Every structure is written in C-alpha cells, then in structure tokens.
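Structure at a glance
Listed below are the residues making up each chain.
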Amino acid sequence: MSDYDFDYFVIGGGSGGVRSARIAAGHGARVGLAEGKYYGGTCVNVGCVPKKLFTYAADFSHAFEDAQGFGWDAVHPAFDWNILLKNKNTEIARLNDIYKNLLDNAGVKRFDDYASLIDPHTLDVGGQKITAEKILIATGGTPRRPDFDGAEHVHISDEAFYLKDFPKSVVIQGGGYIAVEFARIFHGLGADVTLLYRGKYILKHFDQDIGPFLQNEMTKQGITILTETDITKIEKTEKGYSVDLTNGETLKTGLVFSAIGRTPNTESLALEQAGVKTDKAGRITVNENYQTNFDHIYAVGDVTPTAQLTPVALAEGHVLADRLFNKQKDRAVDYTYIPTAVFSSPPCATTGLTEQQAREKGLEIEVYKTDFKPMIHTLSGRDERTLMKLIVNKADNKVIGAHMIGKDVPEMMQGVAVAMNAGATKADFDRTIGIHPTSAEEFVTMRSAV
Ligand code: NDP
C-alpha cells in the first residue's frame, strides 16, 4: 500500500471516470472520485440520455400521422413541454442516484466537489488537500459558444434541456450531431425549424452520401436548411430574436440554438500548475497508455483528442483500470470500427471507413448501395426513403465501411459493427440468411457493386 491517501484518484464523475473508478476499486485499489456538478456527466445529464428521451417524444408526431394509412382515426394531439421536462428530470435524477450508488457499492470514496491539481501528486478537492499515487482526469467537455455580435443570446445544448418555454420557432447553427439531432427534436415537437450550416452538406465527416440524402429527407419533412450560410449578428427583440445571416437575410425567431462543437473541461484543473500538457485545442495529450506527460497522471474520454462518444470513454476508463490494477497489460481499446449514430429523422448510423476515406487511403474498393421506400411507408403515405451502403476492400473482400439512413438503423448498426470487427467479408454478408421482411435484410442481399 502506498503512502498516498489514495492509490487512484479520479477527477470527473462522468462515463469514463465512474467506470474507471469502480473497476479499479473492484480490483482492490483505494479509489477516490471528485465530481462537482452531476454524476453521470454529459451523457446522463445533458447529452445522450435526455436527447434520446426527447427524440422518443418527437417520434410520436410521425407515428400519429402515419397511423392513418393503417386505418386509425386522425388524432389531434396536444403537446405539453412541461410534462416532458418534468418526467425527463425525474428520470435523470434516478440515474444520478444510480451512478452514486455504483461508486458507493464499489467502495469508491466520493467527493461531491471540484478538484484541481496543486502538484503532480496533490489535489485540492473543495479546499481539502488529497494525495494520490495515480490520478485520472476524466472531466469531459462542454459546448463551445460562438463569438459573433449578440452571441450571448444563443442557447447551447446544456440549456436546451431545461428550456422554461417551448419555442414556436428555432434557428439552429451547425451541421453536426447536436444541431441535426435538435433540429429533429424541435421540429418533431412542433417548432418551425431553420438549420444554418456553413458548409454545403451537413454531417461533413460522414460518408459523402449521408449529408445530401439526410438533408433531402429533413427538407421534405418541413425543416428549412440554409447551407453555406451562417449567423453574423443576433439582437433581442420584444418577441424573440432577430438573426442576421451571411447571405444578407434577417430571420425572426423565438430561440437561437447553437451547436458548433465542444471544448474540453480543463479550465478549473490548474493543469499548468502541475505541468500537464495540452494540445492546441486545449485537449490533454496522452499516449497509447492514456498517460499524460507525467507517467502517473492519466486522461480518458472527451478531455483528450479521442472520439467524443460515451462508449469510447467507457472503454478507455475500463481498460485503463484493468491495466493499472489487474495486471492486464495487453487489454486495449479497439478503435478500428467504432459504430455511431445520429438520432435524426430518419436516423443515420455508420461504422468504419467512408467512401472518401477509403479512396484517400488509396484502397481499391467496391461500393454497394441501395435506396428504397421502406415497407411501412407504402401504407403510411410518408415520402421517406432509406439508404444503405457498404464499402468493400477489393484486396481481401472485407467490409470496411457500412452507412445507413432509415428507421431503426442505430439498432441495426451495432450488429453490423460486430461482424466488421470480427473481420467479416462481403462473402460472409452474402451467405447470411436475411430476416424477412425487414430493411436490415438489404445488408445481406446487395449483390452488384455500383
Ligand atoms: P460536431 O463536431 O458534430 O459538429 C459541429 C458543427 O458545427 C459542424 O457542422 C461544424 O461545421 C460547425 N461549426 C464548427 N465551428 C463553427 C463556427 N465557428 N461557425 C459555424 N459553424 C461551426 O459537434 P457537435 O457540437 O454537434 O457535437 C459535439 C460532439 O459530441 C460530436 O462530435 C460527437 O462526437 C458528440 N455527440 C455524439 C452524439 C451521438 O453519438 N449521437 C450526439 C451528440 C454529440 P464543419 O462541419 O464545416 O466543420
């Protein structure tokens, strides 16, 4: 046992920190964890979980409409934002408690306070000096605020989860995950939505077919998308906001929502004082062992330059604890095929290389693609299409990319990712029997490369 107060002290009670702390404690380490805000981090409080609950709420609007083609009477639904907010908050409070219990039951000593570094082995935790042999920084990130004139009027995602009043109209800045998901939420719950994206097609980092296809689907549903357009200025008016755009237009709206990426939470850590290095974007630099420039100070999750996804932070925190306290030196996170989904309408999901990435790598590829009206919409009457795409490496026939837009695709993509991680070839997909009638069976029936 070391002379330090703790063998392992974790700063941050989000996905990566909580997982790492409780696994380390399970391996017998004396573990402390400091969290000054809420347990569960962004994902549980102002991210994945409340977003998904809001998305379920928004999905009902389509369900009510689509039901009529199946013989149901028209319903004239009324939506109450306050009920959704209250029920969501109750659920989040329940999850906060679960996270605390997970730590307590694992024997982790919780400090419900912020922590900063005094020196490489000493922390200030709410005014208390604590020493630790090993330290993990897992403080996550926070939405970046824009800096145009009147940017103080903008709402970021943290705030949108607690809006007092539901707006009649929303202008959204950004074309990434959060902007697109909130466009779906606000629109589905009844607001008029205008999405402003500075580039040509939203979801720029996804496969080249995803952005244009999704943009078309969102537009058909009634979301206005202005591309190559951004905000220059916002003014508060009596009824809402006046938003000046780069194209010379001015929009009047009830709410301006901005989602232009996230910045790491490092400000309050006093990293410079301890000498922990960050990159240009302010993210903590780590090596393949998650070590910072100090061998005993580690960092995982969104505070580092890794993929900003909850399951990635969980995997990193877990592997690190196993390596440090269970002698599992060979444990590693496999970053090759990370599946991810955007909960748009229809949702999209992806694993592996995009067509453009595969070509940039100089790979000879075959592209399999299909685009069809899903069965449900033959009767619902909704003009919505599904897109599926596989990228295959010609050299070894392996499926190296899978991309899809359509109902339920986030549920489908998880299984496809398992197959890809296991090294499945296109021939393996082809000899797999489909489940009929589903959209998913198209993944095993695409026969001709385009
Ligand atoms: P993203 O990186 O996904 O998207 C940021 C968007 O903002 C891009 O369209 C970008 O344009 C645009 N942008 C960036 N800077 C500016 C600027 N100065 N002015 C105007 N537009 C700008 O970030 P998000 O904030 O949407 O999400 C942050 C991260 O959180 C995601 O990357 C993802 O990892 C994670 N997340 C995951 C979710 C999921 O798994 N479903 C859901 C929500 C978030 P351009 O493309 O041209 O650079």
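See above for the structure.
A brief look at the structure comes next. Worth saying up front: this structure is predicted, and the values here are computed from it rather than measured.

On to the site of the ligand, then. In the region of the ligand, 20 residues are neighbours, and Ile178, Tyr197, Gly261, Gln308 and Ala341 sit closest. For the ligand, an oxygen atom lies 3.2 Å from a polar atom in the backbone of Gly176. Between an oxygen atom of the ligand and a main-chain N or O atom of Gly261, the distance comes to 2.9 Å. Against a free-state accessible area of 910 Å², the protein chains account for coverage of 79% of the ligand.

Moving on, we get to the sheet that holds strand S11 (residues 231–236). Taken in spatial order, the three strands of this open sheet run S11-S12-S13, and their pairing is antiparallel. Every interior strand has two partners, whereas the edge strands, S11 and strand S13 (250–253), have only one. Averaged over neighbouring strand pairs, the angle between their axes works out to 20 degrees when direction is ignored. With four bridges joining them, strand S12 (residues 241–245) and S13 adopt antiparallel strand pairing.

Side chains of residues three or four places apart in an α-helix project in the same direction, reflecting 3.6 residues per turn. The end-to-end C-alpha distance of helix H6 (residues 177–188) is 17 Å, a good match for the 16 Å that twelve residues give at a rise of 1.5 Å each. For H6, the tally of buried residues reaches ten of twelve residues, placing the bulk of the element in the interior. Buried within H6 we find Ala179, Val180, Glu181, Phe182, Ala183, Arg184, Ile185, Phe186, His187 and Gly188.

Looking now at the pairing of S11. Judged from the five bridges that link them, S11 and S12 form a sheet pairing that is antiparallel. Its bridge partner being in S12, Ile231 is matched across the sheet by Leu245. Where S11 folds back on S12, the antiparallel hairpin that results is connected by four residues.

Criteria and cut-off values
- Residues numbered from 1 in each chain as written.
- Predicted model: local features only at pLDDT ≥ 70, side-chain atom pairs only at ≥ 80, totals over all residues.
- Heavy atoms only, no water.
- Near = heavy atom within 4 Å.
- Polar contact = N/O pair within 3.5 Å; in protein donor to acceptor, adjacent residues only side chain to side chain.
- Areas by Shrake-Rupley, 256 points an atom, 1.4 Å probe, with all protein chains shown as cover.
- Pairing = 2+ DSSP bridges.
- Helix = DSSP H or I, 4+ residues; strand = E, 2+ residues; numbered from the N terminus.
- Axes fitted to C-alpha atoms, helices over the stretch in contact; angles between N-to-C directions.
- Expected span 1.5 Å × (residues − 1).
- Buried < 20%, exposed > 50% of the residue type's maximum accessible area, 1.4 Å probe, protein only.

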